Amino acid sequence: THSGGQVSVSGEVHLGMAQSGVGNYEISNDAELQATRLFIGDSGEGHFTSSGGTVSVRSEILIGVNASARGTYSLSGGGLDVSNGQIGFGSGTQKAFNFTGGTLHVGIYDGNLVNGGGKLSPGDTSGYTLITGTYNQTATNAALEIEIGGLTPTTGYDNVDVAGDATLGGNLLV
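Predicted model only: the values in this text are computed from it and were never measured.

**Student:** So what exactly am I meant to see when it comes to the nonpolar core here?
**Tutor:** Core analysis: the largest hydrophobic core is formed by 30 residues, its most contacted members being Phe48, Ile61, Tyr73, Leu80, Ile87, Phe97 and Leu104. Listing elements by their share of this core, those giving two or more residues are β2 (12–15), β3 (22–27), β4 (32–40), β5 (45–63), β6 (70–89) and β7 (94–109). Ignoring sequence-local partners within four residues, the contact set of Leu80 consists of Val55, Ile61, Tyr73, Leu75, Ile87, Phe97, Thr103, Leu104 and His105.

**Student:** I'm lost on the sheet that holds strand β11 (residues 135–137) in this one. Help?
**Tutor:** Strand pairing in a sheet is mediated by backbone hydrogen bonds. Such pairs are either parallel or antiparallel. Taken in spatial order, the 3 strands line up as β8-β11-β14 in an open sheet, and their pairing is parallel. Here the strands that pair on one side only, and so sit at the sheet edges, are β8 (113–114) and β14 (166–168). Pairing of β8 with β11, which is carried by 2 bridges, proceeds in the parallel orientation. What sits directly across from Leu113, in β11, is Tyr135.

**Student:** Before we go on, may I ask you to explain the packing of aromatic side chains in this structure?
**Tutor:** Both the distance between ring centres and the angle between the ring planes are used here to describe each pair of aromatic rings. As enumerated under the stated definition, the model contains 6 aromatic pairs in all. Between the aromatic rings of Phe48 and Tyr73, the centroid separation amounts to 4.7 Å while the plane-to-plane angle is 10°, which identifies the pairing as stacked. Of the two residues, Phe48 sits in strand β5 while Tyr73 sits in strand β6, which places them 25 residues apart along the sequence. No difference in accessibility class separates Phe48 from Tyr73, as the two residues are buried. With 5.8 Å between their ring centres and 70° between their planes, Phe89 and Tyr109 make a pair best called edge-to-face. Highlighted residues: Phe89 in strand β6 and Tyr109 in strand β7, separated in sequence by 20 residues.

**Student:** Before we go on, may I ask you to explain the environment of Gly52 in this structure?
**Tutor:** When you line up the elements, Gly52 lands in strand β5. As a C-alpha pair, Gly52 and Val7 span 45 residues in sequence and 15 Å in three-dimensional space.

**Student:** Any chance you could explain the pattern of salt bridges here in plain terms?
**Tutor:** Close approach of charged atoms allows side chains of opposite charge to pair. Considering all chains together, one arrives at 4 salt bridges under this definition. For Glu145, the salt bridge identified is with Lys119, shortest N-O distance 3.7 Å. Separated by 26 residues along the polypeptide, Glu145 in strand β12 (residues 143–145) and Lys119 in strand β9 (residues 119–120) bring together distant segments of the chain. On the accessibility criterion, Lys119 (25% relative accessible area) is partly exposed. One salt-bridge network, held together by shared partners, links Glu12, Arg37 and Glu60.

Here is what the cut-offs are and how they apply
Residues numbered from 1 in each chain as written. Predicted model: local features only at pLDDT ≥ 70, side-chain atom pairs only at ≥ 80, totals over all residues. Heavy atoms only, no water. Core = buried A, V, L, I, M, F, W, Y, C linked by side-chain atoms within 4.5 Å. Buried < 20%, exposed > 50% of the residue type's maximum accessible area, 1.4 Å probe, protein only. Helix = DSSP H or I, 4+ residues; strand = E, 2+ residues; numbered from the N terminus. Contact = heavy atoms within 4.5 Å. Pairing = 2+ DSSP bridges. Phe/Tyr/Trp six-rings, centres within 6.5 Å; stacked < 30°, edge-to-face > 60°. Salt bridge = Lys/Arg side-chain N within 4 Å of Asp/Glu carboxyl O.

Here you go:
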């Protein structure tokens, strides 16, 4: 449990690295975690829970990495910033990204994204988000935040590109 202070990892963080291993990480309050890559359920079982604080990953979050792995990232509060990287899913038997609160900044989300009550915001300023699957925002407290400050995509205003269908309910914050 990480509820205060800052942890900065110059390399990778692995949860559930060994096949029979279980790794859990909980971040809350005003805690900060910075890492280059985050593997949740590498070969074993991994769970990352964010109910507050800030998580910044410079390159990649990979959930359910190998065939027998099980991984879950639960974002219910705080912020997750992968604006210069991606969130992806491996070949694990169970892999999930539960987005029920907090703020998500992501460059590429490789799969179907369900916003069940959080705020999707492409960048800290203007930015770009690519969702390779569908985007479903139907919860009344879910939001898509778009910043407009100019005429050029990704530098003047936010851009969200959804490869599949987008269902937009909830709120649009401009």
